[in-house]
Number of protein chains: 2
Amino acid sequence: MNHCPQALTLTRQIMQELSATAGIQPTRLAIPVGISNHHLHLSLADMETLFGYGATLTRMKAVKQPGQFAADQTVTLHGPKGDIAGVRVLGPLRTTTQIEISIADSFVLGVKAPVRMSGELQESAGIEILGPRGRVQAKRGTIVAWRHLHISPQQAAQHKLSDGMEIDIEAAGPRGGIMRHVRVRVSEDAVLELHIDREEANGFGLHNGDIVHRWQQAC
Amino acid sequence: MNHCPQALTLTRQIMQELSATAGIQPTRLAIPVGISNHHLHLSLADMETLFGYGATLTRMKAVKQPGQFAADQTVTLHGPKGDIAGVRVLGPLRTTTQIEISIADSFVLGVKAPVRMSGELQESAGIEILGPRGRVQAKRGTIVAWRHLHISPQQAAQHKLSDGMEIDIEAAGPRGGIMRHVRVRVSEDAVLELHIDREEANGFGLHNGDIVHRWQQAC
């Protein structure tokens, strides 16, 4: 026996009364999807080891977040179990080298990469990086990206979101559902975007630019 | 302003009273996860074309659903954009050949495979199948598997599930969330199992044998 229908009907009545009292309309945050393939960010020292002293990253194309770009430069990741070639470098340079792969990639390479937010590299996996001019043995820095939302301070304030909080995101379609633990990243000039990797996208049947929504239980 | 806390507190009180009145306890269905890699099922005619007249599928290992097995035999899928080698045949033979790939595979091969339940092959994609003794040009039969739940008639009755209905499944963990549209497949001798593909598993951070639960909103 399922009491949901009665309970939900009552809940809606309660919600309507509470909303009427407060005189507000709930807003629904619509977010475009951005899908990341495996890639890496390089420190100046590692970039020069891989591509030669005095080399610079050259822009192949801009990515959606302002200032960042996909570089012409690619590397090969060399793991205990296998290699992945043609892994693209994302610019600009960073203070620390960071390699972002999928869970499937981690099996191909034979490395245990934790699911982590960018920059949270404690106890992350090591990997060897092969470039045209040299190789880097990264002792750590290999992660599977934690799904996250890029948003500007203005939009964050409008939707009562703050940097570091986790929200739920709902996707429609035959593989639709709800993603929990989507980390909010508030930054100046951020373009509103849900960043997920290719496996998350395919698992939910999502394509670049698809619109997903913030989900709040019974609201 | 978010009214969820008040509404949900009230909902729980309502649920408790209704449950108390009916004198029931809600049961929560716990389901082991089974992850499928790309594979195919063959008709007798196609099997003989690929492996030779009079050939038979030989058992490499049993799979969880009774009577089915992974065969020693593998094929190469040949698409307009690329090949995938070592794709395993699942036995026993079926009346119709069916090829089950991931969305990532569909890009490698260059075929548009719809997300479909097993056997629902109308307007599914064609593919060329290469075997050691011949090749089959399948005009259709290539699909991305629709996530589904295998359950016996007894367990289905116990949990008020019927063949063909769709339920929601909740997964825990950093990539946790809710999968909607999980199709229920009731069959004699079925072993309780949620069948998802590798991309769905990695998208939700799930491993073979992990336990997930049926999810019912506000219940």
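Residues numbered from 1 in each chain as written. Chains lettered and ligands numbered in written order. Predicted model: local features only at pLDDT ≥ 70, side-chain atom pairs only at ≥ 80, totals over all residues. Heavy atoms only, no water.

1. A short note on the overall build of chain A
The secondary structure content of chain A amounts to 5 helices and 14 strands. Contacts spanning at least 24 positions in sequence make up 66% of the contacts within chain A whose residues lie at least 6 apart. As displayed, chain A has an accessible area near 10,400 Å², and 52% of this comes from carbon and sulfur atoms. (Helix = DSSP H or I, 4+ residues; strand = E, 2+ residues; numbered from the N terminus. Contact = heavy atoms within 4.5 Å. Areas by Shrake-Rupley, 256 points an atom, 1.4 Å probe, with all protein chains shown as cover.)

2. Looking at unusual backbone geometry
A cis geometry characterises the amide bond from A:Gly91 onward to A:Pro92, with omega recorded as 0 degrees. Locating A:Pro92 in the fold gives a position in the loop between strand 5 (83-91) and strand 6 (98-100). With a phi angle near 60 degrees, B:Lys160 is a residue other than glycine that sits in the positive phi range. Tracing the backbone shows B:Lys160 in the loop between helix 4 (153-158) and strand 11 (166-171). Owing to a relative accessible area of 60%, B:Lys160 belongs among the exposed residues under this scheme. Not every positive phi belongs to a glycine, and B:His181 is a case in point at roughly 60 degrees. Here B:His181 is to be found in strand 12 (residues 177-186). (Buried < 20%, exposed > 50% of the residue type's maximum accessible area, 1.4 Å probe, protein only.)

3. A word on the pairing of strand 8 (residues 125-130) of chain B
Residues and elements named next belong to chain B. Most of strand 8 is tucked away: 5 of the 6 residues are buried. Pairing geometry for strand 4 (residues 69-78) and strand 8, over 3 bridges, is antiparallel. Its bridge partner being in strand 8, histidine 78 is matched across the sheet by glutamate 128. Note: strand 8 against strand 9 (residues 135-145), 5 bridges, orientation antiparallel. Note on strand 9: the bridge partner recorded for isoleucine 129 is valine 136. (Pairing = 2+ DSSP bridges.)

4. Quick word on the pairing of strand 5 of chain A
Residue and element names in this part refer to chain A. Bridge count for strand 2 (residues 39-41) against strand 5 is 2 bridges, and the pairing is parallel. Note that in strand 5 the partner of histidine 39 across the bridge is arginine 88. Relative to strand 5, strand 4 (residues 69-78) is paired through 6 bridges, and the arrangement is antiparallel. In the strand pairing of strand 5, threonine 74 is matched with arginine 88. Linking strand 4 back to strand 5 in an antiparallel pair, the connection comprises 4 residues.

5. Some words on the packing of aromatic side chains
The geometry of an aromatic ring pair is captured by two quantities: the separation of the ring centres and the angle between the planes. The final tally for this structure, using the stated rule, is 2 aromatic pairs over all chains. Their ring planes at 65 degrees and their centres at 5.9 Å tell us that A:Trp215 and B:Trp215 sit as a pair that is edge-to-face. Of this pair, A:Trp215 sits in strand 14 (residues 211-215) while B:Trp215 is found in strand 14 (residues 211-215), placing the two residues in two different chains. Classification of B:Trp215 by relative accessible area gives buried; the value is 8%. Sitting above the plane of the A:Trp146 ring, A:Arg183 keeps its charged end 5.0 Å from the centroid. (Phe/Tyr/Trp six-rings, centres within 6.5 Å; stacked < 30°, edge-to-face > 60°. Lys NZ or Arg CZ within 6 Å of the ring centre and 35° of its normal.)

6. Comments concerning helix 2 (residues 44-51) of chain B
Residue and element names in this part refer to chain B. By the burial criterion, the buried members of helix 2 are Asp46, Met47, Leu50 and Phe51. Seen from one end, helix 2 has its buried residues packed into an arc of 110 degrees, which puts them on one side. Buried residues in helix 2 make contact with strand 4, strand 5 (83-91), strand 8 and strand 9. (Arc of directions from axis to C-beta.)

7. Quick notes on the nonpolar core
Looking at soluble globular proteins, one finds that nonpolar side chains tend to be buried together. Ranked by internal contacts, the top residues of the largest apolar core, which has 42 residues, are A:Leu149, A:Leu194, A:Leu206, B:Leu149, B:Leu194 and B:Leu206. Discounting residues that sit within four places of it in the chain, B:Leu194 has contacts with B:Ile31, B:Pro32, B:Val33, B:Gly34, B:His148, B:Leu149, B:Ile169, B:Met179, B:Val182 and B:Val212. In terms of nonpolar packing, the next biggest core, distinct from the first, is built from 26 residues, B:Leu42, B:Phe69, B:Val87 and B:Val136 among them. (Core = buried A, V, L, I, M, F, W, Y, C linked by side-chain atoms within 4.5 Å.)

8. A closer look at the confidence of the model for chain A
Overall, the prediction assigns chain A a mean pLDDT of 92, with 87% of residues at 70 or greater. Model confidence for the complex is summarised by a pTM of 0.89, with the ipTM given as 0.88. (pLDDT = per-residue confidence, 0-100.)

9. As for the environment of A:Asp210
Residues and elements named next belong to chain A. Relative to the helices and strands, aspartate 210 is located in the loop between helix 5 (198-203) and strand 14. Among all residues touching aspartate 210, those that are not within four sequence positions of it are Ile31, Pro32, Val33 and Gly205. For aspartate 210, the side chain forms a polar contact with the main-chain nitrogen of histidine 207, separated by 2.7 Å. (Polar contact = N/O pair within 3.5 Å; in protein donor to acceptor, adjacent residues only side chain to side chain.)

10. Side note on the side chain of A:Glu170
With respect to the helices, strands and loops of the structure, A:Glu170 is situated in strand 11 (residues 166-171). Reaching out from A:Glu170, the side chain makes a polar contact with the side chain of A:Arg28 at a distance of 3.5 Å. Of the polar contacts made by the side chain of A:Glu170, one reaches the side chain of B:Arg180; its length is 2.4 Å. In contact with A:Glu170, other than residues within four places in its own chain, are A:Arg28, A:Gly177, A:Ile178, A:Val212, A:His213, A:Trp215 and B:Arg180.

11. Description of helix 2 (residues 44-51) of chain A
Buried-residue contacts for helix 2 of chain A involve strand 4, strand 5, strand 8 (125-130) and strand 9 (135-145) of chain A. Remark: A:Gly52 follows helix 2 of chain A within two positions and exhibits a positive phi of approximately 105 degrees.

12. Looking at the environment of B:Met117
Residue and element names in this part refer to chain B. Its location among the elements puts methionine 117 in the loop between strand 7 (115-116) and strand 8. The class of methionine 117 is buried, set by a relative accessible area of 5%. Taking C-alpha positions, methionine 117 is 5.8 Å from alanine 145, a pair spaced 28 residues apart along the chain. Beyond its immediate sequence surroundings of up to four residues, methionine 117 is in contact with Ile143, Trp146, His148, Arg183 and Arg185.

13. Remarks on the side chain of A:His148
By the element assignment, A:His148 lies in strand 10 (residues 148-151). Among the polar contacts made by the side chain of A:His148, one reaches the main-chain carbonyl oxygen of A:Trp146 at a distance of 2.8 Å.

14. Brief notes about the pattern of salt bridges
Following the criterion strictly, the structure yields 18 salt bridges over all chains and no others. In this structure, A:Arg183 and A:Glu166 form a salt bridge, with 3.5 Å as the shortest nitrogen-oxygen distance. Of the two residues, A:Arg183 sits in strand 12 (residues 177-186) while A:Glu166 sits in strand 11, which places them 17 residues apart along the sequence. One continuous salt-bridge network, built from bridges that share partners, spans A:Arg28, A:Glu170, B:Asp168 and B:Arg180. (Salt bridge = Lys/Arg side-chain N within 4 Å of Asp/Glu carboxyl O.)

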